[in-house]
Amino acid sequence: MSFIKAPAYQDGNAGYSNPLLEQEFVVDFVNRLQSLPDWLTTAVVLAWDDSGGWYDHVMSPIINQSQTVRDALTGVGLCGSNPNKVAGGYQARCGYGTRLPFLVVSPWAKQNYVHHGLTDQTSIIRFIEDNWQTGRIGDFSFDELTGDIQPMFDFSGEDIAPRLFLDTTTGAVVRGEND
């Protein structure tokens, strides 16, 4: 289990990077992983921490009411309208932000599959907790509320995805290999 962050110039942030440099990092990273003997036991989850300024036209669900000066989702200092529904009393944890891409790259990922369940970054934590049976973090952590990414996988072994090595510049398939 590892968390990997691209160097700033390749992290896709609109202030100092760009999507092509981000693509270069992701493709190079996944190509390298696929070359390793451990690839058959690997899953890469690609998640973003913001929309890069490309805001969504659909508001995400509010999963925790909050009324602090830092909130402004449903009004100045407001996220939701019920001050009695603040999970554990934790303020400024309104809920999901803008919708973001969430990709799974793995020999065990379902091929050509789009998951329509609600996921966010805590879905990764939930997957780890479920896979290694660690239990939930507790204390009103969002891992208890988030969507499950298990439906993105097919662990039956009947449809293992081939390795696809991509060109870092164009994203085109350079070669594919079946294991």
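Counting restarts for each chain: residues are numbered from 1 in the order of the written sequence. pLDDT decides what is reported in this predicted model: residues at 70 or higher carry local features, side-chain atom pairs at 80 or more are listed and counted, and totals for whole chains, interfaces and linings draw on all residues regardless. Values shown for side chains rest on all heavy atoms present in the structure; no hydrogens or waters enter the calculation.

### Things to note about the overall build of the chain
Move 1: The helix and strand inventory of the chain stands at two helices and four strands.
Move 2: Secondary structure elements follow DSSP: runs of H or I no shorter than four residues count as helices, runs of E no shorter than two count as strands, and numbering proceeds from the N terminus. Order of helices (α) and strands (β) in the chain, N terminus to C terminus: α-β-β-α-β-β.
Move 3: Oriented by its inertia axes, the alpha-carbon framework of the chain measures out at about 55 × 40 × 25 Å.
Move 4: Classification of the 179 residues of the chain by burial places 30% in the buried group.
Move 5: Here, residues are in contact when the closest pair of their heavy atoms is within 4.5 Å. If you take every contact in the chain between residues at least 6 apart in sequence, the share linking residues at least 24 apart comes to 57%.
Move 6: Each accessible area value is a Shrake-Rupley result obtained with a 1.4 Å probe; residue values ignore everything except the protein chains displayed when judging cover. Per element, the accessible surface of the chain, about 11,500 Å² overall, is 56% carbon and sulfur.
Move 7: By the counting rule applied here, Lys and Arg register as positive and Asp and Glu as negative, while His and the ends of each chain are not counted. To locate a charge, take NZ of a lysine, CZ of an arginine, CG of an aspartate or CD of a glutamate. The averaged location of the 22 negative side-chain charges in the chain is 4 Å from the averaged location of its 11 positive side-chain charges. A 1.4 Å probe rolled over the protein chains alone gives each residue an accessible area, and that area as a share of the maximum for its type sets the label: buried under 20%, exposed over 50%, partly exposed in between.

### Overview of the state of the cysteines
Move 1: What counts as a disulfide here is a pair of cysteine sulfur atoms lying within 2.5 Å. Scanning the entire structure with this criterion turns up one disulfide.
Move 2: Between the sulfur atoms of Cys-79 and its disulfide mate Cys-94 the distance is 1.3 Å. Linking Cys-79 in the loop between β1 (44-47) and β2 (102-105) with Cys-94 in the loop between β1 and β2, this pair joins segments that are 15 residues apart in sequence.
Move 3: Overall, Cys-79 belongs to the buried group, its relative accessible area being 1%.
Move 4: Owing to a relative accessible area of 14%, Cys-94 belongs among the buried residues under this scheme.

### Topic: the nonpolar core
General note: in soluble globular proteins, nonpolar side chains tend to be found buried as a group.
Move 1: Ranked by size, the top nonpolar core spans 10 residues in total: Phe-102, Val-104, Trp-108, Ala-109, Ile-124, Phe-127, Ile-128, Ile-149, Met-152 and Phe-153.
Move 2: Within the residue set of this core, elements represented by two or more residues are β2 and α2 (122-131).
Move 3: At three residues, α2 tops the list of elements feeding residues into this core.
Move 4: Sequence-distant contacts of Ala-109, that is, excluding residues within four places in its chain, are made with Val-104, Met-152, Phe-153 and Ala-161. Buried residues of nine kinds, namely Ala, Val, Leu, Ile, Met, Phe, Trp, Tyr and Cys, make up a nonpolar core once their side-chain atoms join them within 4.5 Å.

### Describing the pattern of salt bridges
Side-chain pairs of opposite charge can arise whenever the charged atoms involved come near each other.
Move 1: Any carboxyl oxygen of Asp or Glu that lies within 4 Å of a side-chain nitrogen of Lys or Arg is treated as forming a salt bridge with it. Taken as a whole and judged by the stated rule, the model has six salt bridges.
Move 2: A salt bridge links Asp-28 to Arg-32, with the shortest nitrogen-to-oxygen separation between them at 2.9 Å. In this pair, Asp-28 and Arg-32 are both assigned in helix α1 (residues 19-34), four residues apart and thus about one turn of the helix distant.
Move 3: Judged by relative accessible area, which is 56%, Arg-32 ranks as exposed.

### Considerations on the packing of aromatic side chains
Move 1: Each Phe, Tyr or Trp ring (for Trp, its six-membered ring) is paired with any other whose centre lies within 6.5 Å, and the angle between the two planes then decides the class: stacked below 30 degrees, edge-to-face above 60, tilted in between. In total, this model carries four aromatic pairs according to the counting rule given.
Move 2: Aromatic pair Phe-127 and Phe-153: ring centres 5.2 Å apart, planes at 15°, arrangement stacked. With Phe-127 in helix α2 and Phe-153 in the loop between α2 and β3 (163-166), the pair connects residues that are 26 residues apart, well separated along the chain. Phe-153 shares its class with Phe-127; the two are buried.
Move 3: Ring geometry for Phe-153 and Phe-155: centres 5.1 Å apart, planes at 10°, overall stacked.
Move 4: Taking the relative accessible area as the measure of exposure, Phe-153 reaches 6% and is therefore buried.

### Digging into α1
For an α-helix the count is 3.6 residues per turn, leaving residues at separations of three or four pointing the same way.
Move 1: The length a helix should cover is 1.5 Å for every residue beyond the first. Between its terminal C-alpha atoms α1 stretches 22 Å, which fits the 22 Å expected from 16 residues at 1.5 Å a residue.
Move 2: Considered for burial, the residues of α1 that qualify are Glu-22, Phe-25, Val-27, Val-30, Asn-31, Leu-33 and Gln-34.

### Here we look at α2
Move 1: The element α2 is extensively covered by neighbouring structure, given that seven of its 10 residues are classed as buried.
Move 2: Here α2 has its buried residues at Thr-122, Ser-123, Ile-124, Arg-126, Phe-127, Ile-128 and Glu-129.
Move 3: Buried positions along α2 lie against β1 and β2.
Move 4: Count one or two residues on from α2 and you reach Gln-133, which has phi positive near 50°.

### A few points about a nonpolar patch on the surface
Move 1: A grouping of Met-1, Phe-3 and Trp-132 is seen on the molecular surface, where their side chains present a nonpolar patch of about 440 Å² in accessible area.
Move 2: Within the secondary structure layout, Trp-132 lies in the loop between α2 and β3.
Move 3: Trp-132 sits in the exposed class, given a relative accessible area of 52%. Patch construction takes residues with relative accessible area above 30% that form no salt bridge. Like charges are linked within 9 Å, and nonpolar side chains (Val, Leu, Ile, Met, Phe, Trp, Tyr) are linked within 5 Å.

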